[in-house]
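# Analysis of the macromolecular model
The chain contents come next:
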Amino acid sequence: MEVVITDSEEEIGVLVADAVEQLLTDRPDAVLGLATGSSPVAIYDELVRRYEVGRVSFARARGFLLDEYVGLPADHPERYRTVIDREIVGRVDFPPGAVQGPDGLAEDPQAAAVAYEQAIHDAGGIDLQILGIGSNGHIAFNEPGSSLASRTRVVALTRQTREDNARFFDGDVDAVPRLCLSQGLGTIMEARHLILVATGEAKAQAVQQLVEGPVSASWPATVMQHHPHATVLLDEAAAARLERLDYYREAYAVKPRWQRL
Ligand code: GLP
């Protein structure tokens, strides 16, 4: 796992946009894994800037969301499908239908989960997966206790996650759905490159566990320690509790630039 400590969210945006741009240059029909939440916003803004000046195109790319709330109406502004359209999909040239999310309005959500796994498989798998992390160490909506081998399924959200996400629902925790559909940890681990971004001190404990803790379902993101190509980009606040902080800085400083992320 590579750890990159940056000066700002903007720097994270530039570095991850570099990786996405390179991928789309090498393979214009690449499959991107898109995360919602506040963490990837700087990445999406940077990608939109590059699209607007003709540096990057999504015209042949496809995308898959990590997760979706169960039961939010189609026109709800916090439905992840709506959020991702607002943050990136509707601002660049993804063709209609090129980006999919799990169907949180399906009559049979478990069948929708199985269909979603199949869709990812049929697309050839995800080339680059962007991830945030919850303050309790979840990735996508894999809450603590999730099987490290889990697949896309219905998950009950923890109180902590619903409190964290209440800010998107006018501060009303009761307005945050109790169930979601989430790619599993086993699903996420099949993506060819994982890029997790985290900023702010509220993430520092989860980041410390992710990078330096024992692999455990109690901190679901730790499964990434088993991934052959995982990159973690942090700001100073999110990195503050890492024991080997100096080493990560040195390692990145001496890294040959051709190696990229
Ligand atoms: C949410 C999402 C995750 C996201 C995480 C962190 O609950 N389901 O995909 O990574 O929590 O969110 P944020 O980036 O807003 O801190």
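First things first, this report covers the structure right here in the doc.

Definitions and cut-offs
Residues numbered from 1 in each chain as written. Predicted model: local features only at pLDDT ≥ 70, side-chain atom pairs only at ≥ 80, totals over all residues. Heavy atoms only, no water. Near = heavy atom within 4 Å. Polar contact = N/O pair within 3.5 Å; in protein donor to acceptor, adjacent residues only side chain to side chain. Areas by Shrake-Rupley, 256 points an atom, 1.4 Å probe, with all protein chains shown as cover. Buried < 20%, exposed > 50% of the residue type's maximum accessible area, 1.4 Å probe, protein only. Helix = DSSP H or I, 4+ residues; strand = E, 2+ residues; numbered from the N terminus. Arc of directions from axis to C-beta. Contact = heavy atoms within 4.5 Å. Pairing = 2+ DSSP bridges. Axes fitted to C-alpha atoms, helices over the stretch in contact; angles between N-to-C directions. Phe/Tyr/Trp six-rings, centres within 6.5 Å; stacked < 30°, edge-to-face > 60°. Lys NZ or Arg CZ within 6 Å of the ring centre and 35° of its normal.

## Some thoughts on the site of the ligand
Within the structure, the ligand sits among 13 residues, and Ser38, Ser39, Asp67, Arg167 and Lys203 are positioned closest to it. Between the ligand and the protein, one listed contact pairs a nitrogen atom with a backbone N or O atom of Ala140 at 3.3 Å. Within the side chain of Lys203, an N or O atom sits 2.6 Å from an oxygen atom of the ligand. When the ligand sits alone it has 390 Å² of accessible area, and the protein chains cover 95% of it.

## A closer look at helix H9 (residues 245-253)
Those residues of H9 lying buried are Leu245, Tyr248 and Tyr252. Along the long axis of H9, the arc covered by the buried residues comes to 65°, so they all point the same way. Opposite its buried face, H9 presents the exposed residues Asp246, Tyr247, Glu250 and Ala253, each directed more than 90 degrees away. Buried residues along H9 sit in contact with strand E1 (2-5), helix H1 (9-26), helix H7 (204-212) and helix H8 (236-239).

## Here we look at unusual backbone geometry
Within the chain, Asp170 stands out as a residue other than glycine whose phi angle is a positive 55°. Mapped onto the elements of the fold, Asp170 is located in the loop between helix H5 (159-165) and strand E8 (179-182). Look at Asp170 and you get exposed, because its relative accessible area is 80%.

## Some points on the sheet that holds strand E3 (residues 62-65)
In space, the seven strands of this open sheet follow the order E1-E10-E9-E6-E2-E3-E5, with parallel pairing throughout. Edge positions in the sheet fall to E1 and strand E5 (99-100), since each of these pairs with one other strand and no more. Along the sheet, helix H4 (residues 109-122) contacts E3 and E5; its crossing angle with E3, the most-contacted strand, is approximately 150°.

## Concerning the packing of aromatic side chains
In this description, an aromatic ring pair is defined by two values, namely the gap between the centres and the angle between the planes. Per the counting criterion, the structure on display carries seven aromatic pairs. Aromatic side chains Phe58 and Phe94 sit 4.9 Å apart centroid to centroid with 40° between the ring planes, which places their arrangement in the tilted category. Taken together, the residues span a long stretch of sequence, with Phe58 in the loop between helix H2 (41-52) and E3 and Phe94 in the loop between helix H3 (80-87) and E5 at a distance of 36 residues. Each member of the pair, Phe58 as well as Phe94, carries the same accessibility label: buried. Among the aromatic residues, those joined into a cluster by ring pairs are Tyr69, Tyr80, Phe141 and Phe169. One Lys or Arg, Arg257, reaches over the ring of Tyr252 and ends 4.8 Å from the middle of that ring.

## Brief notes about the sheet that holds strand E7 (residues 153-156)
The strand order across the open sheet built from three strands is E4-E8-E7, with neighbouring strands paired in antiparallel fashion. Strands with a single pairing partner mark the edges of an open sheet, and in this sheet they are strand E4 (67-69) and E7. Taken over all neighbouring pairs, the strand axes of this sheet differ in orientation by 30° on average, direction set aside. As defined by bridge partners, E4 adjoins E8 across three bridges and the pair is classed as antiparallel. Opposite Asp67, over in E8, you have Ser182 as the bridge partner. Where H4 meets the sheet, it contacts E7 and E8, and its direction lies at approximately 125° from that of E7.

By themselves, these observations are geometric and do not establish any function.
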